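Listed below are the residues making up each chain.
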Amino acid sequence: WRAYKAGMRIMIDFHYSDTWADPSKQTTPAAWSNCTLAQLEDSVAAHTKDVLTSLKNYGITPEWVQVGNETDNGMLWPLGKASTSMSNYAALYIAGYNAAKAVCPNTKVIVHLSGGYSISKYTWIFNGLKSNGAKWDVIGMSVYPSYYTGYTNNKTAVCDTVVTDVTANIQTLYSTYNTPVMICETGMPWDDASTAKTFLTSLITNTMALGDTKCLGVFYWEPECYGGWQSYTLGAFDDSGEPTEAMDAFK
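Every value quoted in this text rests on a predicted model; they were computed, and no experiment measured them. (Residues numbered from 1 in each chain as written. Predicted model: local features only at pLDDT ≥ 70, side-chain atom pairs only at ≥ 80, totals over all residues. Heavy atoms only, no water.)

Caption draft 1: Focus on a nonpolar patch on the surface. Side chains of W1, Y4 and Y58 sit close together on the surface and give an oily, nonpolar patch of about 400 Å² of accessible area. Counting through the fold element by element, Y58 comes out in the loop between α2 (37–56) and β2 (64–67). Classification of Y58 as exposed rests on a relative accessible area of 57%. (Patch = residues over 30% accessible without salt bridge, like charges linked within 9 Å, V, L, I, M, F, W, Y side chains within 5 Å. Areas by Shrake-Rupley, 256 points an atom, 1.4 Å probe, with all protein chains shown as cover. Salt bridge = Lys/Arg side-chain N within 4 Å of Asp/Glu carboxyl O. Helix = DSSP H or I, 4+ residues; strand = E, 2+ residues; numbered from the N terminus. Buried < 20%, exposed > 50% of the residue type's maximum accessible area, 1.4 Å probe, protein only.)

In structure tokens, the structure reads:
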């Protein structure tokens, strides 16, 4: 509501879990733990519709919806684990997609994976979804250079490589699936703001140069956290709670 009132464009990211969902954990909510696949599909659809209907009751229609967060290996494990059953994951995703479109037909639905510099996981997931009848509007990426091998010893070279790889991957994904890409998450260590600004400026400049039919834009996650919030150090505010120069890349 606050973001909407401030005139911001809204993305809703469904994790479909009682806790954080990411590539290493996609834990089924406790209330759904004994569900069959068909029951899980119904639960995903009902929850998605409930949240989006609640938003619409406030006059808010999200511009984007992520059906799952960093679903590199599916979601709602174990039934929805893609490496075990791509068709199960696709069925659960389709349930979320259809539910989102039923409430907000013009909202763009995103499939979001981590490691935007690695093309193989993207082609595996998107080929798998496509072969199981799934549709999507946007391919979502997470891009975190500090997770890249060799970052500690050579930050500049790694950042340059990441930008090069991500830019090339966006081109490849657009050509393969005729779908625009969005960088849904990116972040850098808050206490190395100069490097962060250089990286973000390069990332934004290079992806913008592709044109907005190929890359829709870049989200920083989570810029306003600081001081090692829950041991997370990739925000863009300093220990006093003020934004660092990293955020200047978005000016």
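So that's the structure; there's more coming.
Caption draft 2: Highlighting the side chain of S114. Take S114: it is sitting in the loop between β3 (108–113) and α4 (119–131). Polar side-chain contacts of S114 include one of 2.5 Å to the side chain of D72. Once residues lying within four places of it in the same chain are set aside, the contact partners of S114 are P23, E70, D72, K121, Y122 and S142. (Polar contact = N/O pair within 3.5 Å; in protein donor to acceptor, adjacent residues only side chain to side chain. Contact = heavy atoms within 4.5 Å.)

Caption draft 3: Here's a closer look at the packing of aromatic side chains. According to the stated counting rule, one finds 13 aromatic pairs in the structure shown. Where F14 meets Y16, the ring centres are 5.4 Å apart and the plane angle is 15 degrees; that geometry is what we call stacked. Like Y16, F14 is buried. When the centroid spacing of 6.1 Å and the interplanar angle of 45 degrees are considered together, the rings of Y93 and Y97 count as tilted. Taken together, the residues Y93 and Y97, both in helix α3 (residues 86–103) and four residues apart, mark about one turn of the helix. For the residue pair Y93 and Y97, the accessibility class agrees, reading buried in each case. By the ring-pair criterion, three or more aromatic residues cluster together here, those being Y122, F126, W136 and Y177. Lying over the aromatic face of W77, K81 brings its terminal NZ or CZ to 4.6 Å of the ring centre. (Phe/Tyr/Trp six-rings, centres within 6.5 Å; stacked < 30°, edge-to-face > 60°. Lys NZ or Arg CZ within 6 Å of the ring centre and 35° of its normal.)

Caption draft 4: Region of the structure containing the environment of L210. Looking at the secondary structure, you find L210 in the loop between α6 (193–208) and β6 (215–218). Of the residues examined, L210 reaches a relative accessible area of 16% and is grouped as buried. Note: C-alpha distance between L210 and M86 (124 residues apart in sequence) is 31 Å. Once you skip the residues sitting within four places of it in the chain, L210 turns out to touch T167, I170 and Q171.

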